[in-house]
Amino acid sequence: QVQLVESGGGLVQAGGSLRLSCAASGIMFGNYFMGWYRQAPGKQRELVAEIARTGTANYADSVKGRFTIPRDNAKSTVYLQMNSLKPEDSAVYYCHCRLGSTWAYWGQGTQVTVSS
């Protein structure tokens, strides 16, 4: 059974930092693309960042230069380091993994709230 368990969300002031973690089980972690999505109230879920098994990462324009997405294959964990947070970063953040276009799984989500 595949599980993606997020942690690290919370309330932070604008300009602050948070680090989200996503621990995966039930998959060959090193083979998967790992990503973070977010969904704010009334908005569509959007891709924040994704990292390939090679370590190549891509980011949404809105977070470039502020967020990074390191992965630790030995721990089957992906992180989202969020710096210089803005109120518009407030959302539920979801961990996601995919293998090609066939297999994809979601975590349960963790709330991030940035106060102004």
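For clarity, every value in this text was computed on a predicted model and none was experimentally measured.

**Student:** Is there a simple way to think about the environment of Ala-49 in this case?
**Tutor:** Looking at the element boundaries, Ala-49 is found in strand 5 (residues 46-51). For Ala-49, a relative accessible area of 0% puts it in the buried group. The spacing of Ala-49 and Val-12 is 37 residues in sequence and 20 Å in space, taken between C-alpha atoms. Filtering out sequence-adjacent residues up to four positions away, Ala-49 remains in contact with Met-34, Gly-35, Trp-36, Asn-58, Tyr-59, Ile-69 and Leu-80.

**Student:** What am I meant to see in the pattern of salt bridges here?
**Tutor:** For side chains bearing opposite charge, pairing can occur when the charged atoms are close. Applying the stated criterion across every chain yields a total of five salt bridges. In this structure, Arg-38 engages Asp-89 in a salt bridge whose closest nitrogen and oxygen atoms are separated by 3.0 Å. You can see Arg-38 sitting in strand 4 (residues 33-39) and its partner Asp-89 sitting in the loop between strand 9 (77-82) and strand 10 (91-99), a full 51 residues away along the chain. Residue Glu-50 is joined to Arg-98 by a salt bridge in which the shortest nitrogen-to-oxygen separation is 2.8 Å. Pair noted here: Glu-50 is in strand 5 and Arg-98 is in strand 10, with a separation of 48 residues, a long-range link. Given the relative accessible area of 7%, Glu-50 is considered buried.

**Student:** Help me understand the side chain of Ser-90 in this model?
**Tutor:** For Ser-90, the location among the structural elements is in the loop between strand 9 and strand 10. At 2.9 Å, the side chain of Ser-90 forms a polar contact with the backbone oxygen of Pro-87. Among the polar contacts made by the side chain of Ser-90, one reaches the main-chain amide nitrogen of Val-114 at a distance of 2.8 Å.

**Student:** Would you explain the state of the cysteines in this entry?
**Tutor:** Throughout this description, disulfide means a covalent bond between two cysteine sulfur atoms. For the structure shown, the criterion picks out one disulfide. Covalent S-S linkage joins Cys-22 and Cys-95, the inter-sulfur distance amounting to 2.1 Å. The disulfide joining Cys-22 to Cys-95 has a torsion of about -80° about its S-S bond and is therefore left-handed. With Cys-22 in strand 3 (residues 18-25) and Cys-95 in strand 10, this pair connects stretches of sequence that are 73 residues apart. Assigned by exposure class, Cys-22 and Cys-95 land together as buried.

Scoring rules and cut-offs
Residues numbered from 1 in each chain as written. Predicted model: local features only at pLDDT ≥ 70, side-chain atom pairs only at ≥ 80, totals over all residues. Heavy atoms only, no water. Helix = DSSP H or I, 4+ residues; strand = E, 2+ residues; numbered from the N terminus. Buried < 20%, exposed > 50% of the residue type's maximum accessible area, 1.4 Å probe, protein only. Contact = heavy atoms within 4.5 Å. Salt bridge = Lys/Arg side-chain N within 4 Å of Asp/Glu carboxyl O. Polar contact = N/O pair within 3.5 Å; in protein donor to acceptor, adjacent residues only side chain to side chain. Disulfide = S-S within 2.5 Å.

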